[in-house]
Amino acid sequence: DAKTTQPNSMESNEEEPVHLPCNHSTISGTDYIHWYRQLPSQGPEYVIHGLTSNVNNRMASLAIAEDRKSSTLILHRATLRDAAVYYCILRDVGGAQKLVFGQGTRLTINP
Amino acid sequence: ETGVTQSPTHLIKTRGQQVTLRCSSQSGHNTVSWYQQALGQGPQFIFQYYREEENGRGNFPPRFSGLQFPNYSSELNVNALELDDSALYLCASSTPTSGHYEQYFGPGTRLTVT
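Residues numbered from 1 in each chain as written. Chains lettered and ligands numbered in written order. Predicted model: local features only at pLDDT ≥ 70, side-chain atom pairs only at ≥ 80, totals over all residues. Heavy atoms only, no water.

**Focus: the packing of aromatic side chains**
All told, the structure shown has 10 aromatic pairs over all chains when counted by the stated rule. Seen from their ring centres, Tyr36(A) and Tyr46(A) are 5.8 Å apart, and the 80 degrees between their planes marks the pair as edge-to-face. Here the residue Tyr36(A) occupies a position in strand 3 (residues 31-38), and Tyr46(A) occupies one in strand 4 (residues 45-50), the gap between them amounting to 10 residues. In textbook terms, an aromatic cluster arises when at least three aromatic residues are bridged by ring pairs, as seen for Tyr36(A), Tyr46(A), Tyr87(A), Phe101(A), Tyr35(B), Phe45(B) and Phe105(B). (Phe/Tyr/Trp six-rings, centres within 6.5 Å; stacked < 30°, edge-to-face > 60°. Helix = DSSP H or I, 4+ residues; strand = E, 2+ residues; numbered from the N terminus.)

Have a look at this one:
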């Protein structure tokens, strides 16, 4: 399973944008980039995924570098509810459905 | 639409005992995966069930076993409990197609082994 590297923690202020980085220099051509988050006392929650192009949904945006060796999850206007551990995960499109979680980034939002 | 539910919420067992954890998948989902999350760590994949058959297994010993029922609910059984089995156990449901990008997790069962 290809490995991802994320900062252990980040801090931001409410109503400001947040950019969560992820490095995945060993990504293969068939690996999708997935982001999940885990709010306190809850199970992980799907956020977004992409392959090559930038993606947007109601929760966030995913910016993928042209060489695909890194990506950034963008929360456009953070709220206190966005405080969570964010996991960047690579999954082979043809592989098993298992998710390989790393340590993730613990995001703190200041009011 | 009912989400993924797990029972019990919390459980305390003694080393050497056996435990059964239960998961009801989201409506329409026929694939269930189980994960173990130790304190301060990311979840680790235990195994996955699809149509009542094990469909992939992580690096866990055979004393971790599971079942999936015709209604797609699932059980995780752990025999001969060890102190290191203390963790949050999560199940996630999906379909064979949607599961490649989105899995729906339950709130987990917190197991403490003393």
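**Thoughts on the sheet that holds strand 3 (residues 19-24) of chain B**
All names here are of chain B. The strand order across the open sheet formed by 4 strands is 1-3-8-7, and the pairing between neighbours is antiparallel. Of all the strands in the sheet, the pair left with one neighbour each is strand 1 (5-7) and strand 7 (64-68). For this sheet, the mean angle separating the axes of adjacent strands, direction not counted, is 20 degrees. Alignment of strand 1 against strand 3, held across 3 bridges, turns out to be antiparallel. Its bridge partner lying in strand 3, Gln-6 is registered against Cys-23. (Pairing = 2+ DSSP bridges. Axes fitted to C-alpha atoms, helices over the stretch in contact; angles between N-to-C directions.)

**Quick look at unusual backbone geometry**
Residues and elements named next belong to chain B. The step from Ser-7 to Pro-8 runs through a cis peptide bond, and the omega angle for that step is -10 degrees. Residue placement: Pro-8 occurs in the loop between strand 1 and strand 2 (10-13). Backbone geometry at Ala-80 places phi at a positive 45 degrees, although glycine is not the residue there. Among the structural elements, Ala-80 can be located in the loop between strand 8 (74-78) and strand 9 (87-94).

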